[in-house]
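# Structural characterization, general
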Amino acid sequence: MGSETENKVLNKNIKRNKSLCSLAIVLIVTIVIRTRLSNQYHSTAADISSRSANGHSSSGHPGGKGPTRVKFSSLRFDDFQHCHNVQFNVTSPTGDHAQTTTSTSSTSTNAKPIWFVTPPHHISESTYRTLINTMTGTSFGGKSYVASIRGQLKHCIGKGQTVTCLASAENSLSANAKYETFHKKYIVLVRNPMTGFPAGYNIKSQKYRGLQGQNPIQEWRSVRDKWGMTAVQSFTDVIVQWNATKYDVGMYLVYEDLYRADRSLQVMKDLRAFLLEAGFQVVSEEDLPCVWYHAIGKETIAQFYSTGYEYADYIPGYLPQHKKQMLEDMAQFRKVAEKDSNLVAILDRYMEDIGNNMVMDNVVGDA
């Protein structure tokens, strides 16, 4: 039998060893879960791509014409449960791993903020902020140029480091005056006007009128009948007006691809690489599936894969003259953008989608 002091030391060593073993087990389980999640994300994308290549499409077009509407049953949400409380490893621009952080932490670099341009209300500000904040480990990295605090416009300044500044076509002129303080390349979020137009009105209604869910279909029909013939204008305006600034296009972020399991991982990789090149800390590639799930959200992911649209009550339909005008406007803009091969490819996709998948609704809205 040892002395009382020796026994105390022995008990402490035993407790410490138990704690170390417990910590090791937690780390091993975390690594296994992340690896499984990443593999599932890749295998899901491969499965969907394979079905698309074989000509299976729920859009009613054998051979896969237009965007493929995949069934969501191929995704297993249980594999994303770990994402609810995940901690992300943030990589610095030099390639070093910064201290493990959560999505509500903040970081500090000398990188200049990046313009994130899109037609008004084409993406919810909540999704935009969550995407940027989680990707970079910042608390307020994703800001809006028109956001105000106590009635004063902040123009993306204040409340911690700014990573991106959400802006529209009308902000392009003032952007030139800030050329020295912003990154020289900007991100353009593009979305098919066929869905971007009604979704934008819906997001605006939620923001300014407190709408819950989707606008009543009769209200949509009235808005469509009043403004539908100019639906493409906000799409083209933001591209044309920002092309006229001192800045250069850094990347096109295609809204539809961000929501598709077979394309979202590549979008996330491209966004991560762009932010890293601009000098910002970003999460590791293995965490991108969790960033995607966290930013988009389970319900929205499921709904988008069910119908290709965020809202469940109905798919906004158009009158024949709206379809004709939309295709003509897109074709005309394609001629203007012919030197930009990336944009032309996006326009071709959108015109095919409009031609093949636009819902026709011949009911006229209220006058």
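Scroll up a little and you will see the structure.
Residues numbered from 1 in each chain as written. Predicted model: local features only at pLDDT ≥ 70, side-chain atom pairs only at ≥ 80, totals over all residues. Heavy atoms only, no water.

All right, on to the overall build of the protein then. Along the backbone of the protein there are 12 helices and nine strands. When burial is assessed residue by residue, the protein has 47% of its 367 residues classed as buried. A fraction of 75% describes how many contacts in the protein between residues 6 or more apart in sequence connect residues 24 or more apart. As displayed, the protein has an accessible area near 18,500 Å², and 53% of this comes from carbon and sulfur atoms. (Helix = DSSP H or I, 4+ residues; strand = E, 2+ residues; numbered from the N terminus. Buried < 20%, exposed > 50% of the residue type's maximum accessible area, 1.4 Å probe, protein only. Contact = heavy atoms within 4.5 Å. Areas by Shrake-Rupley, 256 points an atom, 1.4 Å probe, with all protein chains shown as cover.)

Turning our attention to the sheet that holds strand β2 (residues 114–117). Pairing between the strands of a sheet is mediated by backbone hydrogen bonds and can be parallel or antiparallel. Spatially, the five strands line up as an open sheet ordered β3-β6-β2-β7-β8, and their pairing is parallel. Unpaired on one side and paired on the other, β3 (142–144) and β8 (248–254) mark the two borders of the sheet. Ignoring strand direction, the axes of neighbouring strands in this sheet form an average angle of 30°. Lying over the sheet, helix α6 (residues 233–243) contacts β2, β6 (164–167), β7 (185–190) and β8, oriented at roughly 170° with respect to β7. This element, helix α12 (residues 341–357), spans β7 and β8 of the sheet and lies at about 25° to β8. (Pairing = 2+ DSSP bridges. Axes fitted to C-alpha atoms, helices over the stretch in contact; angles between N-to-C directions.)

So, on to the state of the cysteines. Taken as a whole, this structure holds two disulfides when the rule is applied. Put simply, Cys83 and Cys290 are joined by a disulfide, and their sulfur atoms are 2.1 Å apart. On the S-S bond that ties Cys83 to Cys290, the torsion sits near -80°, and the link is left-handed. With Cys83 in the loop between α1 (4–53) and β1 (90–91) and Cys290 in helix α9 (residues 288–296), this residue pair connects regions lying 207 residues apart in the sequence. Just as Cys83 is buried, Cys290 falls in that class too. Cys156 shares a disulfide with Cys165; S-S distance 1.9 Å. The S-S bond linking Cys156 to Cys165 shows a torsion near 80°; that makes this disulfide right-handed. (Disulfide = S-S within 2.5 Å.)

Judged by nonpolar contacts, the single largest core of 42 residues is most densely connected at Phe116, Met135, Ile187, Leu253, Leu258, Met268 and Leu271. Considering every element that reaches this core, the biggest residue donor is α9, with seven residues. Beyond its immediate stretch of four places on either side in the chain, Leu258 contacts Leu131, Leu253, Ser264, Val267, Met268, Trp292 and Ile296. By size, the runner-up hydrophobic cluster in this structure holds 38 residues, among which are Met326, Met351, Ile354 and Met358. (Core = buried A, V, L, I, M, F, W, Y, C linked by side-chain atoms within 4.5 Å.)

The end-to-end C-alpha distance of helix α8 (residues 264–277), which contains 14 residues, comes to 20 Å, matching closely the 20 Å that a straight helix rising 1.5 Å per residue would cover. Within α8, burial applies to Ser264, Leu265, Val267, Met268, Leu271, Arg272, Phe274 and Leu275. Backbone geometry just downstream of α8 places Gly279 in the positive-phi region, at approximately 105°. (Expected span 1.5 Å × (residues − 1).)

Axis separation between helix α2 (residues 125–136) and α8 bottoms out at 11 Å; the angle between their running directions is 60°. Classified by the angle their axes make, α2 and α8 are oblique. The hand of the α2/α8 crossing is right-handed. The residues of α8 that touch α2, namely those facing Leu131, Ile132, Met135 and Thr136, are Met268, Leu271, Arg272 and Leu275. Across the contact of α2 with α8, the residue classes tally to six nonpolar, one polar and one charged. (Parallel < 35°, antiparallel > 145°, perpendicular 65-115°, else oblique. Left-handed = near helix turned anticlockwise from the far one by under 90°. Nonpolar A, V, L, I, M, F, W, Y, C, P; charged D, E, K, R; others polar.)

The next subject is the packing of aromatic side chains. Aromatic ring pairs are reported here in terms of the distance separating the ring centres and the angle at which the planes meet. Here the structure, examined in full by the defined rule, presents 17 aromatic pairs. Of the aromatic side chains, those joined through ring pairs into one cluster are Trp115, Tyr145, Tyr179, Phe182, Tyr186, Trp242 and Tyr247. The ring of Tyr179 carries Lys184 above its face, with NZ or CZ at 4.8 Å from the centroid. (Phe/Tyr/Trp six-rings, centres within 6.5 Å; stacked < 30°, edge-to-face > 60°. Lys NZ or Arg CZ within 6 Å of the ring centre and 35° of its normal.)

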